[in-house]
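# Notes for the structure review
So the chains spell out like this:
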Amino acid sequence: MSVKKLVEEAKKVIRNSYSPYSRFPVAAVVRTAKGRLYTGVNVENSSYGLTICAERVAVFKAVSEGDRDIEEVLIYTPTEEPTPPCGACRQVIAEFNPRARIIMVARNGKTLVKSLEELLPHTFTGERLLGGEKGGEKGSEGQGHTG
Ligand SMILES: [Zn+2]
């Protein structure tokens, strides 16, 4: 699926962004392995901490539809430079695919493409909690970590 198609989808929904405080509208489009698209926009709140980013809205929509195989996340902002996802969104995307392709597109079409591994190296994943991850943090035993 072309980046152009994903940008078109993002542009369709960005008007729904609820961003009266930051005045920084964002639209995101998740593409899953099934080829399905899920859009999201940022939704702010007067209690700032409750604000949720467009990327997480799109990811949660996909997951709530039972479609977790996230392959790409496009982030569109009407800015001069592409906007990368915040740390929280990187972690949320990593939960479903630490190697997802992240495509950042600005208003003028300027595009930046990175893998999530590049944006969030040494990712903390559920494998560590489930005991599937061995090594990596050798020698961390006895440092007060409890499981
Ligand atoms: Zn975010």
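Scroll up for the structure.
Structure report, in brief. (Residues numbered from 1 in each chain as written. Predicted model: local features only at pLDDT ≥ 70, side-chain atom pairs only at ≥ 80, totals over all residues. Heavy atoms only, no water.)

## Description of the coordination of the zinc ion
Donor atoms from the polypeptide that coordinate the zinc ion comprise C53 (SG), C86 (SG) and C89 (SG), at 2.2 to 2.3 Å from the metal. Sequence spacing of the donors to the zinc ion: C-x32-C-x2-C. For C86, a relative accessible area of 33% translates into the label partly exposed. (Donors = N, O, S within 2.8 Å, 3.2 Å for Na, K, Ca; no water. Buried < 20%, exposed > 50% of the residue type's maximum accessible area, 1.4 Å probe, protein only.)

## Quick look at the sheet that holds strand 5 (residues 111–115)
Two modes of strand pairing occur in sheets, parallel and antiparallel, and in both the strands are linked by backbone hydrogen bonds. Across the sheet, five strands lie side by side as 2-1-3-4-5; this open sheet has mixed pairing. Both edges of this open sheet fall to strand 2 (37–41) and strand 5, since each of them pairs with a single strand only. Here the average twist between neighbouring strands, direction ignored, is 15 degrees. Where strand 3 (residues 70–77) and strand 4 (residues 101–106) come together, six bridges link them in parallel fashion. Paired with T77 across the two strands is A106, which belongs to strand 4. Each of strand 1 (27–32), strand 2, strand 3 and strand 4 touches helix 1 (residues 3–13); the most contacted strand, strand 3, lies at about 55 degrees to it. Here helix 2 (residues 54–64) sits on the sheet in contact with strand 1, strand 2 and strand 3, set at roughly 145 degrees to strand 2. (Pairing = 2+ DSSP bridges. Helix = DSSP H or I, 4+ residues; strand = E, 2+ residues; numbered from the N terminus. Axes fitted to C-alpha atoms, helices over the stretch in contact; angles between N-to-C directions. Contact = heavy atoms within 4.5 Å.)

## Looking at the pairing of strand 5
Pairing analysis gives five bridges linking strand 4 to strand 5, with the strands arranged antiparallel. For M104, the partnering residue across the bridge sits in strand 5 and is L112. If you look at the hairpin formed by strand 4 and strand 5, you'll find four residues sitting between the two strands, and G109 has a positive phi there, around 90 degrees.

## A look at the nonpolar core
One recurring pattern in soluble globular proteins: nonpolar side chains tend to sit buried together. In terms of nonpolar packing, the biggest core is built from 20 residues, with V30, V59, V73, I75, I93, I102 and L116 touching the most fellow members. Among the elements of the structure, strand 1, helix 2, strand 3, helix 3 (87–96), strand 4 and helix 4 (116–119) are those that each provide at least two residues to this core. The element contributing the most residues to this core is helix 2, with four residues. Discounting chain neighbours no more than four positions away, the residues touching L116 are R90, I93, A94, N97, P98, A100 and I102. (Core = buried A, V, L, I, M, F, W, Y, C linked by side-chain atoms within 4.5 Å.)

## Digging into the layout of surface pockets
The space that makes up the second largest pocket amounts to roughly 200 Å³. Counting residues per element, the ones that place at least two in the lining of the second largest pocket are helix 3 and helix 5 (126–130). (1 Å grid on protein atoms, 1.4 Å probe; cavity = no way out; pocket = protein on both sides within 12 Å on 5 of 7 lines; lining within 4 Å. Points joined across faces, edges and corners; volume = space filled by probe spheres on them.)

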